[in-house]
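Residue-level structure breakdown
Below, each chain spelled out in residue letters.
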2 protein chains.
Amino acid sequence: MKTINTRKTIRKYSDKPVSDELLNRLLAEAMRTQTMGNLQLYSVVVTRSAEMKEKLAPAHFCQPMVTQAPVVLTICADFNRTTRWAENRKATPGYDNLLSFLNAATDALLYTQTFCNLADEEGLGYCFLGTTVYNPKQIIDTLKLPRLVMPVATITLGWPDENPPLTDRLPLQSIIHSETYTDYTPQLIDEYYAEKEALPENEEFVRINHKETLAQVFTDLRYTKKDNEAMSATMLDALRSQGFLD
Amino acid sequence: MKTINTRKTIRKYSDKPVSDELLNRLLAEAMRTQTMGNLQLYSVVVTRSAEMKEKLAPAHFCQPMVTQAPVVLTICADFNRTTRWAENRKATPGYDNLLSFLNAATDALLYTQTFCNLADEEGLGYCFLGTTVYNPKQIIDTLKLPRLVMPVATITLGWPDENPPLTDRLPLQSIIHSETYTDYTPQLIDEYYAEKEALPENEEFVRINHKETLAQVFTDLRYTKKDNEAMSATMLDALRSQGFLD
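Because the structure is predicted, anything quoted here is derived from the model rather than measured.

**Let's talk about the interface of chain A and chain B**
At the junction of the two partners, chain A supplies 113 residues and chain B supplies 113 residues. At the boundary of chain A with chain B, total buried surface from both sides reaches about 10300 Å², with 58% on carbon and sulfur atoms. Considering only the surface of chain A that becomes buried against chain B, Arg-32, Trp-85 and Glu-179 of chain A emerge as the three largest contributors, covering 9% of it. At the boundary of chain A and chain B, one finds ten salt bridges. Summed over the shared surface of chain A and chain B, the result is 81 residue pairs in polar contact (both at pLDDT 80 or more). It is helix H5 (residues 98-122) of chain A that contributes the most residues to the side of chain A that touches chain B, 16 residues altogether. Among the residues making up the side of chain A that touches chain B, the classes are represented as 53 nonpolar, 35 polar and 25 charged. Relative to strand S1 (residues 42-47) of chain B, strand S5 (residues 176-178) of chain A is paired through three bridges, and the arrangement is parallel.

Encoded structure:
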């Protein structure tokens, strides 16, 4: 897994197809990931048809990767299969609640990341679409997801047709806490964010957005309180409609 | 990452220490995992002291791995650091909502799984403790997690002192859906669960628990509706107390 050190998000893909054989091998290997009670609380909807990619695209704000990638994977937290199993085995399931959603979402996300790490090793490129949790209802309708199934991750996948530079990361000590959590003083914030804020691309990002600080680009433009609150309401509705909330 | 094909959960660890150098290298490499807006919405609390392991153990139902493992990692969804950064940069953060919790939990879980994949390759053993989301409040108090920080995963880590057999998995086709979700008919349930239900260890599991079917062991004993509903209420309280829900 030396590939982790050069991992990049890939948004442009070549015309070379991703074979079913390769895709299925990686999807199967990723199933070795630990899972709650060995229940495998996830499903993967594989999108290859141009028509379905066009239908999915608006939920992902029409980012071009969705229609350009040879494969789109929507990974879902799935308590439907386990529930059906129980119903067919004289057992009474109790997975229509928030905890069960979190259990299944955890399974699904761990599975997703093992898949991503395996894809890296094959030289495949991928982009993780955070938009999945912004517009769950559109994805649910398009992919015909039943009750107790929620989309939690989308991966666009293909052979890379670009080689972007490595993105920056915070220093390790900024994410590590020894024994108990040490809160971030203004001095620590300055220390941990200095390198990020001084990067020429981030300074440019502040300038072209007419902001005073890099943090303002995030709070005022990219991830705003207003959007987050609206999407939280949408998410609660989706969890309710999928049976995970009373 | 050929190690994925033989991955096992390890619950018994040898006395050999896990060096800070190795641990920090893996924690740093895992940071290459994709993250929302490159914000790295996670923190890791590293527990090495026997005293802190004893304090954490009850939250994990006193499973022996917690006190026996040389290292316990509690991985948290963390919007506190980003919020502090914003507050120190004339920016108004808006991350006290459910969507932001899901964004940070996603970041934290993807990070966790890359760490696990890397640990596998080093020959380290680990156990992912699903109990983290059962008793978040105890963990929050013990590790002194501030507002906008929620524990989402716990990993016990050490050098393996056991070699358990590989656990079974459902057939690949049971988790894959082509283009749209195909719901599970009784016939498909029979087909997909036949192998699991016929395993001698699972038949024994049903027998010693005096149940009629394997599914009943899960619904009546391991993951019951009553427990799930009680823990859903606890989770909602914890999300509220940590500032992620109004």
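**Some remarks on the relation of the copies chain A and chain B**
Between the two copies of this chain, the relationship is a rotation about some axis together with a displacement along it. For the pair chain A and chain B, the best superposition has an RMSD of 0.0 Å and corresponds to a rotation of 180° with a translation of 0.0 Å parallel to the axis. Expressed as a symmetry operation, the mapping of one chain copy onto the other fits a two-fold axis. When the interface residues of chain A are mapped onto chain B, 100% of them are again interface residues, pointing to one common binding face.

**Regarding the environment of Asp-120 of chain A**
All names here are of chain A. One can find Asp-120 in helix H5. Relative accessible area serves as the criterion here: at 11%, Asp-120 is assigned to the buried category. Placed 66 residues apart in sequence, Asp-120 and Pro-186 show a C-alpha to C-alpha distance of 37 Å. Beyond its immediate chain neighbours, meaning those up to four positions away, Asp-120 contacts Thr-3, Arg-7 and Tyr-126.

**Some remarks on the layout of surface pockets**
Roughly 1400 Å³ of volume is contained in the largest pocket. If you trace the largest pocket, you find 48 residues lining it, with Arg-11 and Arg-222 of chain A together with Thr-35, Gly-37 and Asn-38 of chain B closest to the centre. Elements with a minimum of two residues in the lining of the largest pocket: strand S3 (125-129), helix H8 (200-208), helix H9 (214-222) and helix H10 (225-241) of chain A together with helix H5 (98-122) of chain B. It is H5 of chain B that provides the largest number of residues to the lining of the largest pocket, a total of six residues.

**Regarding the UniProt feature "domain: Nitroreductase" (unreviewed entry) in chain A**
Residues given the UniProt feature "domain: Nitroreductase" (unreviewed entry) here are residues 4-159 of chain A. The annotated region residues 4-159 of chain A carries 40% helix and 19% strand content, and the separation between its end C-alpha atoms amounts to 17 Å.

**A closer look at the pairing of S1 of chain B**
All names here are of chain B. For S1, the tally of buried residues reaches six of six residues, placing the bulk of the element in the interior. Here S1 shows no split at all, with Tyr-42, Val-44 and Val-46 on one side and Ser-43, Val-45 and Thr-47 on the other all buried. Bridge analysis of S1 against strand S2 (residues 71-78) gives six bridges, and the strand direction is antiparallel. The partner of Val-45 across the bridge, within S2, is Thr-74.

What counts as what
Residues numbered from 1 in each chain as written. Chains lettered and ligands numbered in written order. Predicted model: local features only at pLDDT ≥ 70, side-chain atom pairs only at ≥ 80, totals over all residues. Heavy atoms only, no water. Contact = heavy atoms within 4.5 Å. Buried area = accessible area lost by both parts, 1.4 Å probe. Salt bridge = Lys/Arg side-chain N within 4 Å of Asp/Glu carboxyl O. Polar contact = N/O pair within 3.5 Å; in protein donor to acceptor, adjacent residues only side chain to side chain. Helix = DSSP H or I, 4+ residues; strand = E, 2+ residues; numbered from the N terminus. Nonpolar A, V, L, I, M, F, W, Y, C, P; charged D, E, K, R; others polar. Pairing = 2+ DSSP bridges. Least-squares fit on C-alpha atoms with pLDDT ≥ 70 in both. Buried < 20%, exposed > 50% of the residue type's maximum accessible area, 1.4 Å probe, protein only. 1 Å grid on protein atoms, 1.4 Å probe; cavity = no way out; pocket = protein on both sides within 12 Å on 5 of 7 lines; lining within 4 Å. Points joined across faces, edges and corners; volume = space filled by probe spheres on them. UniProt positions renumbered as here; feature names shortened; annotations may be inferred.

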